[in-house]
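Residue-level listing of the chains:
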Amino acid sequence: VEDSKEDDKMADLLTDFQQQLTLQESSVKLCQPEVYASQTHISALPMEVLMYIFRWVVSSDLDLRSLEQLSLVCRGFYICARDPEIWHQVCLKIWGRSCNKLVPYASWRDMFLERPRVRFDGVYVSKTKYIRQGEQSLDGFYRAWHQVEYYRYLRFFPDGQVMMLTTPEDPQSIVPRLRTKNTRTDAILLGHYRLSQETDNQTKVFAVIMKKKEEKPVDYHKYRYFRRVPAQETDHSFHVGLQLCSSGRQRFNKLVWIHHSCHITCRSTGETAVTTFDIDKMYTPLFFARVKSFTAYSEKPL
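Keep in mind the model is a prediction, meaning the values are calculated, not measured.

J.: Outline the overall build of the protein chain, listing residues and values.
T.: Each helix and strand counted, the protein chain has eight helices and nine strands in total. Sorting the 302 residues of the protein chain into buried and exposed places 34% on the buried side. The contacts of the protein chain with a sequence gap of at least 6 include a subset with a gap of at least 24, amounting to 53%. Working note: accessible area of the protein chain is about 20300 Å², and carbon and sulfur atoms make up 52% of it.

Shown next as structure tokens:
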């Protein structure tokens with residue numbers, strides 16, 4: 001610790017590791033087998049194949065936590081895990097065209113760590129409690145009071161889709177159902193979201209969600225003997241606005257409600273009626289909880 005030269009090396013491990021590997025051999029290998037093995041070692045793979053494996057580690061779910069753990073294996077893996085192209089593609093998937101410029105960040109990895117974003121390796125959960133007055137007893141001597149509890153779940157995906165579910169069931173039974181977007185839960189709402197950074201340097205999340213459409217077969221026998229005016233078909237969509245915050249030691253782990261409205265559109269006329277809900281105590285903040293099973297395996301590479 002007292003040696004200033006050692007402090008300089010720790011400040012930039014990537015440059016130090018690259019220099020060490022260059023000085024070892026004329027043909028640079030990222031890693032060497034620690035003990036003799038009769039089978040082919042991973043160091044025999046070309047650089048392109050090794051980087052493709054690293055892209056499978058990141059996967060389409062953007063599991064950067066596993067990439068950082070993989071960088072702890074050796075100096076060569078540390079260099080591969082700091083590849084700017086991987087981190088650039090990750091930033092493009094999160095922020096799109098708004099991250100073409102690296103300034104004011106030192107690297108694409110620093111942008112991923114410092115710039116506000118929603119997290120994909122878990123769910124945002126809120127728990128709401130309230131007291132509801134029940135019916136009066138038959139003799140009129142007392143009136144029951146009920147304590148109601150329910151949860152809100154929000155799951156974000158890197159491709160811009162979002163799932164929302166409001167249910168009285170606890171997280172242990174609900175979270176496994178939110179693993180993929182093809183869930184069979186009936187009450188779930190699906191939609192798209194976008195990140196917006198305002199002039200006051202606050203990042204907000206805006207989403208439009210609606211219930212999954214189910215095609216119901218037309219019962220012609222029902223209208224066989226009498227004419228009936230069919231009811232007007234409408235589409236319901238919910239517009240949600242949330243402010244992204246940090247609390248405690250974790251970053252970007254809190255969502256505070258700022259807007260919630262329901263849009264009812266008549267299919268025949270195209271008219272839309274908007275109902276805006278008041279943001280009160282019932283809209284408790286959502287806090288992030290990491291779920292290990294969400295990143296247990298990869299479906300597609302980065």
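Now that the structure has been shown, we can carry on.
J.: Residue-level account of the nonpolar core, with values.
T.: Counting 43 residues, the largest nonpolar core has Tyr124, Leu154, Phe156 and Leu255 as the members making the most contacts within it. Ranked by the residues each element gives to this core, the list is headed by helix H6 (residues 84-95), at six residues. The two domains that each donate at least three residues to this core are domain 1 (1-82) and domain 2 (122-213 + 230-290). Beyond its immediate sequence surroundings of up to four residues, Leu154 is in contact with Val123, Tyr124, Val162, Met163, Met164, Leu242, Leu255 and Leu286. Grouped together as the second largest cluster of nonpolar side chains are 13 residues, Val123, Tyr151, Leu178 and Phe294 included.

J.: Outline helix H3 (residues 47-58), supporting the account with residue identities and numerical values.
T.: Given a rise of 1.5 Å per residue, twelve residues ought to cover 16 Å, and the 17 Å separating the end C-alpha atoms of H3 matches this to within 8%. Taken together, the buried positions of H3 are occupied by Leu50, Met51, Phe54, Arg55 and Val58. One side of H3 carries all its buried residues, which in axial view fall inside an arc of 150°. Contact partners of the buried residues in H3: helix H4 (64-70), helix H5 (75-81) and H6. One or two residues past the end of H3 sits Ser59, with phi positive at roughly 65°.

J.: Residues and numbers for the pattern of salt bridges, please.
T.: A complete count under the given rule lists seven salt bridges for this structure. Two residues, Glu68 and Arg82, come together in a salt bridge whose shortest N-O distance is 3.4 Å. Here Glu68, found in helix H4, pairs with Arg82, found in the loop between H5 and H6; they are 14 residues apart in sequence, far enough to count as distant. In this structure Glu68 comes out as partly exposed when scored by relative accessible area, which is 23%. The exposure class assigned to Arg82 is buried, which follows from its relative accessible area of 17%. One salt bridge connects Glu169 with Arg177, and the closest N-O pair in it is separated by 3.2 Å. In this structure Arg177 comes out as partly exposed when scored by relative accessible area, which is 36%. Salt bridges here are not isolated pairs; linked through shared partners, they connect Glu68, Arg82 and Arg109.

J.: Explain the pairing of strand E1 (residues 122-136) to me, using residue names and the numbers behind them.
T.: Both E1 and strand E9 (residues 286-290) contribute to a ladder of four bridges, which runs antiparallel. Following the sheet pairing, Val125 is matched in E9 by Phe287. As paired elements, E1 and strand E2 (residues 143-156) share eleven bridges and run antiparallel to each other. Bridge pairing links Gln133 to Trp145 in E2.

J.: Requested: an account of the packing of H3 against H6, with residues and values cited.
T.: Following both chains from N to C, one finds H3 and H6 inclined at 30°, their axes separated by 11 Å at the closest point. The orientation of H3 with respect to H6, classified from their angle, is roughly parallel. You can see that H3 and H6 cross each other, and the crossing is right-handed. Taking contact as the criterion, the partners of Met51, Phe54, Arg55 and Val58 in H3 are, on H6, Glu85, Ile86, Gln89 and Val90.

J.: Please set out the side chain of Thr128 residue by residue, giving values where relevant.
T.: With respect to the secondary-structure elements, Thr128 resides in strand E1. The buried category is assigned to Thr128, whose relative accessible area is 2%. There is a polar contact of 3.4 Å between the side chain of Thr128 and the backbone oxygen of Met282. Each residue touching Thr128, except ones within four places of it in the same chain, is listed here: Val148, Glu149, Tyr150, Arg152, Met282 and Thr284.

J.: Please provide a residue-by-residue account of the packing of aromatic side chains, values included.
T.: Taken as a whole and judged by the stated rule, the model has seven aromatic pairs. Their ring planes at 85° and their centres at 5.4 Å tell us that Phe54 and Phe77 sit as a pair that is edge-to-face. Of this pair, Phe54 sits in helix H3 while Phe77 sits in helix H5, and the two are 23 residues apart along the sequence. Exposure class is identical for Phe54 and Phe77. Each is buried. Taken together, the ring pairs in this structure connect Tyr124, Phe156, Tyr193 and Phe288 into an aromatic cluster.

Here is what the cut-offs are and how they apply
Residues numbered from 1 in each chain as written. Predicted model: local features only at pLDDT ≥ 70, side-chain atom pairs only at ≥ 80, totals over all residues. Heavy atoms only, no water. Helix = DSSP H or I, 4+ residues; strand = E, 2+ residues; numbered from the N terminus. Buried < 20%, exposed > 50% of the residue type's maximum accessible area, 1.4 Å probe, protein only. Contact = heavy atoms within 4.5 Å. Areas by Shrake-Rupley, 256 points an atom, 1.4 Å probe, with all protein chains shown as cover. Core = buried A, V, L, I, M, F, W, Y, C linked by side-chain atoms within 4.5 Å. Domains from an automatic or database assignment. Expected span 1.5 Å × (residues − 1). Arc of directions from axis to C-beta. Salt bridge = Lys/Arg side-chain N within 4 Å of Asp/Glu carboxyl O. Pairing = 2+ DSSP bridges. Axes fitted to C-alpha atoms, helices over the stretch in contact; angles between N-to-C directions. Parallel < 35°, antiparallel > 145°, perpendicular 65-115°, else oblique. Left-handed = near helix turned anticlockwise from the far one by under 90°. Polar contact = N/O pair within 3.5 Å; in protein donor to acceptor, adjacent residues only side chain to side chain. Phe/Tyr/Trp six-rings, centres within 6.5 Å; stacked < 30°, edge-to-face > 60°.

Without other data, these values stay purely geometric and don't point to any function.
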